[in-house]
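# Close look at the chain arrangement
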Amino acid sequence: MSEETVLWSMTCGACDHEWMQTTPDGSDPAAEEIECPACGSTLLDAAYVGKT
């Protein structure tokens, strides 16, 4: 059985780059130390999309 993950729509607060990010089920994307793939900033907004 595979572990469920959560899909997030991420937006960088520094450069406005948008991308999709997955995190383990039950985790908080703010606590995952995710960095923007475009500029490396950690000033991110995450919008819940669903479970995968």
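Refer to the structure presented above.
Report on the accompanying structure. (Residues numbered from 1 in each chain as written. Predicted model: local features only at pLDDT ≥ 70, side-chain atom pairs only at ≥ 80, totals over all residues. Heavy atoms only, no water.)

Turning our attention to the nonpolar core. Formed by Val6, Trp8, Met10, Cys12, Trp19, Ile34 and Cys36, the largest nonpolar core amounts to seven residues. Ranked by residues supplied to this core, first place goes to strand S1 (residues 5-12) with four residues. If we skip the residues at most four places from it in the chain, Trp8 touches Trp19, Met20, Gln21, Thr23, Ser27, Pro29, Ala46, Ala47, Tyr48 and Val49. (Core = buried A, V, L, I, M, F, W, Y, C linked by side-chain atoms within 4.5 Å. Buried < 20%, exposed > 50% of the residue type's maximum accessible area, 1.4 Å probe, protein only. Helix = DSSP H or I, 4+ residues; strand = E, 2+ residues; numbered from the N terminus. Contact = heavy atoms within 4.5 Å.)

Here the focus is the sheet that holds strand S3 (residues 44-51). Sheet strands associate in pairs through backbone hydrogen bonding, adopting either a parallel or an antiparallel arrangement. Taking strand neighbours across the sheet as the criterion, the three strands line up as S2-S1-S3 in an open arrangement whose pairing is antiparallel. Pairing within the sheet leaves two strands with one partner each, and these edge strands are strand S2 (18-24) and S3. With strand direction ignored, the average angle separating the axes of adjacent strands in the sheet is 30 degrees. Of the pairings in the sheet, the one linking S1 to S2 comprises seven bridges and is antiparallel in character. Pairing of Thr11 across the sheet is with Glu18, part of S2. (Pairing = 2+ DSSP bridges. Axes fitted to C-alpha atoms, helices over the stretch in contact; angles between N-to-C directions.)

The next thing to look at is the side chain of Ser27. Tracing the backbone shows Ser27 in the loop between S2 and S3. For Ser27, the side chain forms a polar contact with the side chain of Thr23, separated by 3.1 Å. (Polar contact = N/O pair within 3.5 Å; in protein donor to acceptor, adjacent residues only side chain to side chain.)

Moving on to unusual backbone geometry. Positive phi values are uncommon outside glycine, yet Asp16 reaches one of about 65 degrees. Inspection of the secondary structure assignment puts Asp16 in the loop between S1 and S2. Phi is positive for Glu33, which is not a glycine, with a value near 55 degrees. Looking at the element boundaries, Glu33 is found in the loop between S2 and S3.

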